[in-house]
Amino acid sequence: MVQEKLPPTRFALDRQEALILYRDMILGRTFEDTCARMYYRGKMFGFVHLYNGQEAVSTGVIKSMRSDDYVCSTYRDHVHALSTGLTPRSVMAELFGKATGCSKGRGGSMHLFSAEHNFLGGYAFVAEGIPVATGAAFAAKYRGTDQVTACFFGDGASNNGQFFECLNMAALWNLPILYVVENNLWSIGMYHPRASSITDIYRKADAFGIPGVRVDGMDVLAVRDVAKEAIQRARAGEGPTLIECTTYRFRGHSLADPDELRDPAEKEFWRQQDPIPRLAAFIAEQGFAGPDELKLIDQEIRSEVEEAVVFAEESPEPPVDELYRFQFAEDE
Ligand SMILES: Cc1ncc(C[n+]2csc(CCOP(=O)(O)OP(=O)(O)O)c2C)c(N)n1
C-alpha cells in the first residue's frame, strides 16, 4: 500500500534535524547516481553495488548514533560510509582506486574503511561484517565504554550461519548492538520468500530472546524512531535488537546486473514509496522548509559530489613501490 504521508514520529524532530536527514539522503542518492555515470565511463573497476531506494535506512539509523559509535556495512557500503561522515571525496577517490581514497586506493567499492570514523568497513562476502560488528560491540562492553554498534546486512545474509552464531553470542553477552536487516526482497536474483523458511526476519529474534522489530524502511522517521529506541537500550546495557527494515533497491544488484528478473510492476510499486519525496513532503507540511530551500540543498550536494569526482580524477594512483604496504601478512 502506498503511503504518501509519513506517520507521526515518537521522538521529536526539529527543522535542523529534518534538514540533516534530508541532506544525508540526497547525498546518498546523488553520490550513487554519479557512481553509475562514472562506472559506465570506465572510471571504476570490479563490482559496484548501489544503494538507491534504501537511503532511509542508512540515514535513519546512522544519524541517530553518536560519532564515536561503530558502523559496519556490506559490499553495498558507499552510503553507510557517507552517513557515518566519510567525505564524498575520500569515498569517490577510493572508488577510482586512488591513493587519496579512504582505504588508500587498495580497497575499492566493497572495501571502504575509516578508523577515524569508526567505520568498520565494507565486506565482499555475504554476512562477513556480522562477526566483525559483534566483535566491536563485545570490545566496547569489555572496555566499559557506552559505544553502540550498528551492523547492516541484507535479507540473504540473514540466512547465513554467521547471523545465527553472532546473534546467539550478542544475546548471551547482552552486547550493545543493532542488527539492521535491509530486507529489499532480493538476493541478486533470489526472491526472499523462496529462500527463507520464515519470511518475517524480525521474528528470528525470538530464537535468541531479544527484541525484534519490523519497520517501514522507506520512511526515514519510522526508522529513526526504532533506531533511537534500540540505541537507548543498547547504551543502557539492555542488549541487542534485531531490526528488519522493509525496503527496495531501485537499481540492479550491481552495475553489472541488467535487472531483467524483477517485475516492472513491483519496481514501480516501490518507486512510489521513494523515501526522499516522502520526507520532502513532511518537511513542507511541517513548515520546516519549502521546495526552493530544498532545491538549494540538492544543488549544493550536486556541486559537492561533482567536486569529489574532480578530486578523484586528479588524485594520484598508489605508487607501485608501495604495492606490499598495508598488508597483514609478513614475507616468509
Ligand atoms: C559468502 C558469499 N556467498 C555468495 C556471495 C555472492 N553474493 C554476493 S551478493 C549476494 C546476495 C546477498 O543478498 P542480500 O544479503 O539480501 O543483500 P543485498 O545484495 O540485497 O543488499 C550473493 C549471494 C558472496 N558474496 N559471499
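About the criteria used
Residues numbered from 1 in each chain as written. Predicted model: local features only at pLDDT ≥ 70, side-chain atom pairs only at ≥ 80, totals over all residues. Heavy atoms only, no water. Buried < 20%, exposed > 50% of the residue type's maximum accessible area, 1.4 Å probe, protein only. Helix = DSSP H or I, 4+ residues; strand = E, 2+ residues; numbered from the N terminus. Pairing = 2+ DSSP bridges. Right-handed = clockwise from strand over helix to strand, strands pointing away. UniProt positions renumbered as here; feature names shortened; annotations may be inferred. Core = buried A, V, L, I, M, F, W, Y, C linked by side-chain atoms within 4.5 Å. Contact = heavy atoms within 4.5 Å. Polar contact = N/O pair within 3.5 Å; in protein donor to acceptor, adjacent residues only side chain to side chain. Salt bridge = Lys/Arg side-chain N within 4 Å of Asp/Glu carboxyl O. Near = heavy atom within 4 Å. Areas by Shrake-Rupley, 256 points an atom, 1.4 Å probe, with all protein chains shown as cover. Nonpolar A, V, L, I, M, F, W, Y, C, P; charged D, E, K, R; others polar. Patch = residues over 30% accessible without salt bridge, like charges linked within 9 Å, V, L, I, M, F, W, Y side chains within 5 Å.

### As for the pairing of strand β2 (residues 149-154)
With five of six residues buried, β2 is to be regarded as a mostly interior element. Where strand β1 (residues 70-72) meets β2, three bridges bridge the pair, whose relative direction is parallel. When the bridges of β2 are listed, Y70 appears paired with T149. Examined bridge by bridge, β2 and strand β3 (residues 177-183) share six bridges and lie parallel to one another. Looking at the pairing, F153 lines up with V181 of β3. In this view, the connection linking β2 to its parallel neighbour β3 by way of helix α6 (residues 161-172) has right-handed handedness.

### Quick word on the UniProt feature "domain: Dehydrogenase E1 component" (unreviewed entry) in the chain
Mapped onto the present numbering, the UniProt feature "domain: Dehydrogenase E1 component" (unreviewed entry) falls at residues 24-320. Counting secondary structure, residues 24-320 comes out at 44% helix and 10% strand; the distance between its end C-alpha atoms is 36 Å.

### As for the nonpolar core
Proteins that are soluble and globular tend to have nonpolar side chains buried together. Core analysis: the largest hydrophobic core is formed by 68 residues, its most contacted members being Y22, M44, V61, M92, L178, L279 and I283. One finds Y123, A136, V181 and A205 within the second-largest nonpolar core, a separate group that totals 26 residues.

### Re the environment of T9
For T9, the location among the structural elements is in the segment before α1 (15-40). Since its relative accessible area comes to 24%, T9 is described here as partly exposed. Each C-alpha atom, one on T9 and one on F47, is 37 Å from the other, the two residues being 38 residues apart in sequence. Not counting residues up to four positions away in its chain, the partners in contact with T9 are L221, R224 and D225. A polar contact is formed between the side chain of T9 and the backbone oxygen of F11, at a distance of 3.2 Å.

### Comments concerning the pattern of salt bridges
Per the counting criterion, the structure on display carries 21 salt bridges. Here D274 ties to R29 by a salt bridge, and the two come within 3.0 Å at their closest N and O atoms. Taken together, the residues D274 in the loop between α9 (264-271) and α10 (275-285) and R29 in helix α1 connect sequence positions 245 residues apart. You can call R29 buried: its relative accessible area is 14%.

### Details of the site of the ligand
Around the ligand, the structure places 14 residues, and the nearest of them are Y75, R76, G156, N184 and W186. The side chain of Y75 places a nitrogen or oxygen atom 2.7 Å from an oxygen atom of the ligand. Within the contact set of the ligand, an oxygen atom lies 2.9 Å away from a side-chain nitrogen or oxygen of N184. Contact with the protein chains covers 69% of the free accessible surface of the ligand, which is 580 Å². A per-class count over the shell around the ligand returns seven nonpolar, five polar and two charged.

### Quick word on a nonpolar patch on the surface
Nonpolar side chains collect at one region of the surface, where F138, Y142, L172 and W173 lie side by side and expose about 500 Å² of accessible area between them. Note that L172 resides in helix α6. Assessed through its relative accessible area of 62%, L172 is described here as exposed.

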